[in-house]
Amino acid sequence: MATISNFLFLLLLLLNFHFHLSFSDGDSNSMESVPDLQKSMYKVIDGYPCVRLLNLSGPIGCSNPGRQVVVAPIVRYQNATQLSQSSSILVSLDEFQSFITRIWNDSSFASNIAGVIVESGTEIQNKLKGFSPAHKFPQAEYAPYQNTNYEWNPIGSGIMWNAYDFPVFLLSESSTLTLQEAATNNEKSMKDYTADVVEFDLVMQTTKAGTHDSESCLKEGACLPLGGYSVWSSLPPINVSSSEQSKSVILTVASMDSASFFRDKSLGADSPISGLISLLAAVDALSRVDGLDNLTKQLVFIVFTGEAWGYLGSRRFLHELDLQSDAVSGLDNSLIEMVMEIGSIGKGFNQGVNKFYAHITGASSATNKTLDALEQAQGSLKSENIICSTANASNPGIPPSSLMAFLQKNSHTSGVVLEDFNSVFSNKFYHSHLDDTSNINSSAVVAAASLVARTLYILASDNKTLSSSALTAINVNVSLVEELMGCLLDCDPGLSCNLVKSYILPTITCPSHYVGVIPDEPSSTPYLGSVVDVSRFLWNFLADRTSIPRENSSSTCSKGCNNGEVCVRAETDGKGVCVISTTRYVPAYSTRLKFDSEAWIVLPPNSSDPMGMVDPVWTESNWNAIGLRVYTVQNGAYDNLVLLGGIAITVLAYLAIVITRAFITKSLKRD
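What counts and what doesn't
- Residues numbered from 1 in each chain as written.
- Predicted model: local features only at pLDDT ≥ 70, side-chain atom pairs only at ≥ 80, totals over all residues.
- Heavy atoms only, no water.
- Disulfide = S-S within 2.5 Å.
- Helix = DSSP H or I, 4+ residues; strand = E, 2+ residues; numbered from the N terminus.
- Phe/Tyr/Trp six-rings, centres within 6.5 Å; stacked < 30°, edge-to-face > 60°.
- Buried < 20%, exposed > 50% of the residue type's maximum accessible area, 1.4 Å probe, protein only.
- Lys NZ or Arg CZ within 6 Å of the ring centre and 35° of its normal.
- Pairing = 2+ DSSP bridges.

(A) Inspection of the state of the cysteines at higher detail. Counted according to the given criterion, the structure contains six disulfides. With a sulfur-sulfur separation of 2.0 Å, C491 is cross-linked through a disulfide to C510. Taking the sign of the S-S torsion, 130° for the link of C491 and C510, the bridge is right-handed. One end of the pair, C491, is in the loop between α16 (478-489) and α17 (498-501); the other, C510, is in the loop between α17 and α18 (533-545), with 19 residues separating them in the sequence.

(B) Spatial organisation of the packing of aromatic side chains. Counting across every chain of the model gives 31 aromatic pairs. When the centroid spacing of 6.4 Å and the interplanar angle of 20° are considered together, the rings of F96 and F99 count as stacked. Here F99 and F96 lie together in helix α4 (residues 93-105), a separation of three residues that amounts to about one turn. Both residues of the pair, F96 and F99, count as buried. Between Y164 and F166, the ring centres sit 5.9 Å apart and the planes meet at 50°, which makes this aromatic pair tilted. What makes Y164 buried here is its relative accessible area of 2%. Overall, the relative accessible area of 6% leaves F166 in the buried class. These aromatic residues form a ring-pair network of at least three members: Y77, F96, F99, W104, F109, F131, Y164, F166, F261 and F262. Here the basic side chain of R102 rests over the ring of F109, its NZ or CZ set 3.7 Å away from the ring centre.

(C) Geometry of the pairing of strand β24 (residues 593-596). Burial along β24 is one-sided: the residues L593 and F595 are buried and none of K594 and D596 is. As paired elements, β24 and strand β25 (residues 599-602) share four bridges and run antiparallel to each other. When the bridges of β25 are listed, D596 appears paired with A599. Counting the residues in the hairpin turn of β24 and β25 gives two residues, including S597, whose phi is positive at 55°.

(D) Looking closely at the sheet that holds strand β11 (residues 223-225). With mixed pairing, five strands are arranged side by side in an open sheet as β8-β4-β3-β26-β11. Of all strands in the sheet, those with a lone pairing partner are β8 (163-164) and β11, marking the two edges. Alignment of strand β3 (residues 52-54) against strand β26 (residues 619-621), held across two bridges, turns out to be antiparallel. In the sheet register, L54 faces β26, and the bridge partner there is T619.

Nothing here speaks to function; it is geometry throughout.
Set out below in structure tokens:
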């Protein structure tokens with residue numbers, strides 16, 4: 001009896017001591033609500049998810065395997081020689097390639113992977129020789145030539161085009177430290193009763209609905225098509241009301257979207273944003289030139305979106321030209337004489353020299369004129385140390401670019417793609433989250449913009465005896481280039497920079513150039529809430545820079561703009577200003593899709609659209625929420641031990657009560 005009483009006394013003392021430790025004065029003061037308790041228990045982790053995308057053949061990308069969150073202990077990949085249980089793998093980026101390879105080759109290892117968390121950090125980036133999850137010939141199926149085995153991107157692995165039946169997150173630098181600490185705790189406490197686990201909430205609606213391709217998920221409303229809005233503008237504005245549009249068109253092209261294994265970390269600094277910034281700087285430089293109305297050819301600039309996903313923007317633009325829709329009012333396909341595309345030019349600076357390569361579609365009068373104009377422009381920029389050479393004739397054709405869509409439409413299209421490489425990509429981080437500002441040089445962007453601006457002026461003037469003073473008057477604003485790089489390629493200041501905020505009210509700060517989805521009926525005058533920040537900024541910037549002020553420049557948009565006018569800066573003060581400009585949005589989405597009766601329909605393939613025949617029709621799964629958090633759980637065996645201990649204590653307590661009652665009863669009878 002005394003033994004049992006002593007045992008119960010010690011148990012109560014232990015519980016009291018544990019209670020005192022758990023709820024000390026400091027803790028009780030900080031724990032004032034359930035949310036406070038949750039914050040102390042759960043660490044929400046910043047990360048960038050790999051999400052589920054679908055096409056007509058099936059899915060790619062990442063997702064939870066079922067309809068519930070995934071929870072598993074954290075294990076470092078370098079320590080995961082064998083996995084005995086479902087685990088969350090913490091992998092360094094330099095190990096990621098070998099990790100993916102092992103998944104495909106080791107089914108027993110792959111079966112125990114609950115989720116993957118990828119470390120990030122400048123040290124990792126600096127020691128990598130390259131990382132490109134794209135194919136060695138990106139989008140080879142759209143090439144206008146036969147040699148699709150050529151390796152433009154030798155370092156490409158193609159891993160972003162596979163389907164993974166587990167969630168994958170890229171960590172921020174701060175979250176990387178948190179997860180490394182958690183992994184270390186697990187390594188130290190392997191024999192203890194607790195473990196740090198990761199909870200993945202990456203449940204895709206297509207998984208819930210059981211729709212595993214684009215056609216079925218669109219029918220069920222579980223996904224939306226990839227797409228957005230391209231922007232085009234003319235310099236000077238085109239008189240749309242005039243019945244005669246006889247000027248030949250010089251069309252200058254760039255892209256605004258990139259891709260990455262991780263959806264919201266698609267910066268694409270070199271490929272393609274360096275080319276986009278160069279185009280904007282060239283437009284700005286040309287807009288300050290006098291006598292643009294006297295040019296013999298019409299300058300038109302267009303920035304496509306969706307190019308990383310089957311050239312959605314350029315293909316849709318050409319389709320709209322065929323339809324002569326409102327989105328391309330003022331343009332005539334037959335008048336396009338030359339297409340000049342500004343591709344990846346951000347790595348053109350090396351050892352004090354800005355080196356670029358002109359990739360041409362073939363010999364033609366217009367192409368030869370463009371090469372001559374490039375040479376003349378280069379000569380006028382001697383102090384800038386710019387060299388522009390024709391790309392190697394042994395190349396199979398032009399590199400992956402929007403110009404491919406034009407060639408597929410019309411094989412006789414004259415075009416030039418300006419790049420910072422000759423035969424293979426110089427960008428070792430093509431379509432990777434590592435293609436950021438550290439991967440490009442502003443000097444190269446300025447040099448390319450200067451070269452393009454003067455080349456376009458020469459071509460539009462169509463005057464071989466153009467004075468050197470006229471060319472030297474065309475100068476690129478270096479400060480504008482640097483400001484655009486900060487706005488479009490960095491989080492500080494990001495889209496909250498003064499330049500962007502002078503035109504629109506951005507919804508996000510950190511830019512990402514993933515194409516996104518097109519949620520509702522496409523239009524040349526879309527609901528601006530459906531247009532991403534970058535497209536809205538580009539529309540306003542180009543409309544402003546290519547515009548002619550109306551006679552009454554103080555007139556605000558609230559009074560309505562006249563025909564041929566557009567309203568710029570309307571978001572910033574709710575009023576805006578009417579200016580004369582030919583600037584339009586062009587919907588960018590698959591030519592195999594049609595929006596009808598509030599739903600997207602997949603159209604049958606059309607032999608007259610060769611690129612549509614191979615178009616996979618990309619869609620992105622819907623989701624309710626995406627999240628990642630870390631917390632500590634007790635080992636299941638320990639829980640069982642506690643349960644058994646609790647049962648034992650209960651039984652002993654019951655026996656103690658019975659014996660005590662019997663003892664007391666017996667004592668009372670004696671008395």
